[in-house]
Amino acid sequence: MLSAARYENMIFHYFGKRGYRMKSKKCLKIGAAALAAMMALSVGMTGCQKTENASSTTSASGSTASGGSASITYKGTINFYPQAYNPVAPTKDNPNPPTKFKEVAADYQKLHPDIKISFVANPPAGTDYETWLKTKAAGGQVPDLVWEQAPNANTSASGIWTDLVPFMNKANPYVEGNKQWIDLFPKAVINQIKDVSGKIYVIDADYVDTLIFYNKAMFQKAGITETPKTWEEMIEDCKKLKQANPGVAPMGIDMSTSNTVYSWFARVFNSNLYYKDIDKIDIDGSKGNSTLSKIVAVKKGVYGASDPRWCTEWFQVMKDFSQYWQPGYSTAPQGGIIMSFVNKKVAMYYDGTWANKSLKDDKAPDFGSFPVPQITSKTCKNGNDSINTAGAAGGPYAAWQYAIPTKKADNSMTDEKLQAVVDFAMFTTTPENNEKVCNELGEFIPTIVGAKPPESLSGMAEAAQHELLALDGACNLSMPLQQSLTRELQQYLLGKKTLEQAVQACDQATKKEVDQQIKQHPDWDIDKYLK
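Bear in mind the structure is a predicted one, so any value in this text is a computation, not a measurement.

Analysis parameters
- Residues numbered from 1 in each chain as written.
- Predicted model: local features only at pLDDT ≥ 70, side-chain atom pairs only at ≥ 80, totals over all residues.
- Heavy atoms only, no water.
- Axes fitted to C-alpha atoms, helices over the stretch in contact; angles between N-to-C directions.
- Helix = DSSP H or I, 4+ residues; strand = E, 2+ residues; numbered from the N terminus.
- Parallel < 35°, antiparallel > 145°, perpendicular 65-115°, else oblique.
- Contact = heavy atoms within 4.5 Å.
- Nonpolar A, V, L, I, M, F, W, Y, C, P; charged D, E, K, R; others polar.
- Pairing = 2+ DSSP bridges.
- Phe/Tyr/Trp six-rings, centres within 6.5 Å; stacked < 30°, edge-to-face > 60°.
- Buried < 20%, exposed > 50% of the residue type's maximum accessible area, 1.4 Å probe, protein only.
- Lys NZ or Arg CZ within 6 Å of the ring centre and 35° of its normal.
- pLDDT = per-residue confidence, 0-100.
- Expected span 1.5 Å × (residues − 1).

A. Local environment of the packing of helix α2 (residues 100–111) against helix α16 (residues 431–441). Packing of α2 against α16 leaves a shortest axis separation of 8 Å and a crossing angle of 155°. Judged on the interaxial angle alone, α16 and α2 are roughly antiparallel. Contacts from Lys100, Phe101, Glu103, Val104 and Asp107 in α2 reach Asn433, Lys436, Val437 and Glu440 in α16. Tallied by class, residues from the contact of α2 with α16 come to three nonpolar, one polar and five charged.

See below:
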């Protein structure tokens, strides 16, 4: 069962999980992980759980190519917080927690008997993760290897995280024939997680996507025989569901500021509406995904109130769509929107891959799923009929985003220990280890080159290996910005602001965030892109 604590603690910055989701206060911010989510896009944390240190009794994985790095001289403990993959002790809410990372740690300890991998307990239920992490950093107590969303790491206070590029350019000794560790990560992933200067602060090895789950019995009762392929077909299905199932909302949407659904829709719509201008937005080969591309797009006015594609067109679509959502959609429902679906209060609901297992565990009524339908020229004036952006609200923002703190945030970190932490991280990212850890959880796709997803998610494998078209209109520059934009959309949907007022407020908030980030990072040299 997906406990309220788990659902609410995922920070999935892009979905979000929940993502991202990833687990945040909604979920899996991812995003979840939110998610990860992502939302927001989220995979969550169950509070006050015990963890166990890896035991050397587990059989070796056989994934090493050379027995590891002979240069590791560190002797001691590496503290690791792997978020949704944390091998915590079973609880009532989480009777079958993941265990494979414990096996991976035990295999590593066989190769390095002077090193002990200690798993850090999940933060208490209800804890705001980013606040928890910042508090740890201020006291120099951040775990040696810890979950953090790439966008958050890229905008954190200077000197908190270790730049991994020098290590990424070295061979991974645990993968035969590997010459550069970075080659084990899809280029699409690297493009999305690097900061504007090209630095990489997180080791990212899983992928999440968002989709719509539906109650098969309710679809049948409404005479719906096929899942919708276009946005217009989905709206027609909402009408049929409303008529055939009195008292049941056709669609469940958590449009609260504690979730990241706003960013999911922003990515789906902006990726479609701005597709023809991708070359104007992509200034560094990131397909418009980098922080630099987003900031320059805002400064140039490509993203902003003056362009109806940015918010105006899709806000209007959301206004029409919201009449089919559950009452109180601007406030996170008790237990999460997933429980509204489990309890048959909604016929469909928008969530992510991470929810598939949870729905089964919660004994949800017979359900199916489908991608976010195609945005067309009928949906929006500038809609593109030939570009399907259903996967835009997905990406490498789930539970396998691990950063290594500097001594500024981790008092125990030394050069010798840093080498050992990096070496352990390399060991976890062999195809074999990445595959078994991800697939045991069954909520995300392993992305290390050579790793394969479970059969139930095999359809997403190819998407995870290719460049992601995910233009978000700059809403993901920071979580506070995303929350501000969500509030403005809420005000419009609830009739408390006009469309023009809401869009102008979004414009002002975005420009303010951009100026703040530029001021904090004079080394970005933004002016050269504005000439």
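Read on for the rest.
B. Examining the sheet that holds strand β8 (residues 346–352) more closely. With mixed pairing, four strands are arranged side by side in an open sheet as β7-β8-β6-β9. The sheet is open, and its two borders are formed by β7 (249–252) and β9 (367–370), each paired with just one other strand. For this sheet the average axis-to-axis angle between neighbouring strands, irrespective of direction, equals 20°. Sheet analysis places strand β6 (residues 210–215) next to β9, joined by four bridges and oriented antiparallel. By the bridge assignment for β9, phenylalanine 213 is matched with serine 369. Along the sheet, helix α9 (residues 261–273) contacts β6 and β8; its crossing angle with β8, the most-contacted strand, is approximately 80°.

C. Examining the packing of aromatic side chains more closely. Tallied over the entire structure, the rule returns 40 aromatic pairs. Relative to tryptophan 400, the ring of phenylalanine 101 has its centre 5.1 Å away and its plane inclined at 45°; by these criteria the two rings are tilted. Of this pair, phenylalanine 101 sits in helix α2 while tryptophan 400 sits in the loop between β9 and β10 (401–403), and the two are 299 residues apart along the sequence. As far as burial versus exposure is concerned, phenylalanine 101 and tryptophan 400 are alike and both buried. Lying over the aromatic face of tyrosine 492, lysine 319 brings its terminal NZ or CZ to 5.0 Å of the ring centre.

D. Structural view of the confidence of the model for the chain. Averaged over the chain, the pLDDT score is 85; the fraction of residues at 70 or greater is 84%. Per-residue pLDDT stays below 50 along residues 1–52; that stretch engages in 504 contacts with residues further than four places along the chain or on separate chains. Contacts of residues 55–66 to residues separated by more than four positions or lying in other chains number 29 contacts, the stretch itself having pLDDT below 50.

E. Just helix α18 (residues 479–493), in detail. Across its 15 residues, α18 extends 21 Å between first and last C-alpha, which sits within 8% of the 21 Å expected from 1.5 Å per residue. For α18, every residue scored as buried is listed here: Met479, Leu481, Gln482, Leu485, Thr486, Glu488, Leu489, Gln490, Tyr492 and Leu493. Contacts from the buried residues of α18 go to α9, α12 (312–321) and α19 (499–520). Looking one or two residues beyond α18, the residue adopting positive phi is glycine 495, at roughly 80°.

F. Inspection of the sheet that holds strand β3 (residues 145–147) at higher detail. One open sheet holds the five strands; their spatial order is β2-β1-β3-β10-β4, and the pairing between them is mixed. Looking at which strands have only one partner, the edges of the open sheet turn out to be β2 (115–119) and β4 (202–204). In this sheet, adjacent strand axes meet at a mean angle of 25° when their direction is disregarded. Pairing between strand β1 (residues 76–81) and β3: two bridges, direction parallel. Directly across from tyrosine 81, in β3, lies its bridge partner valine 146.

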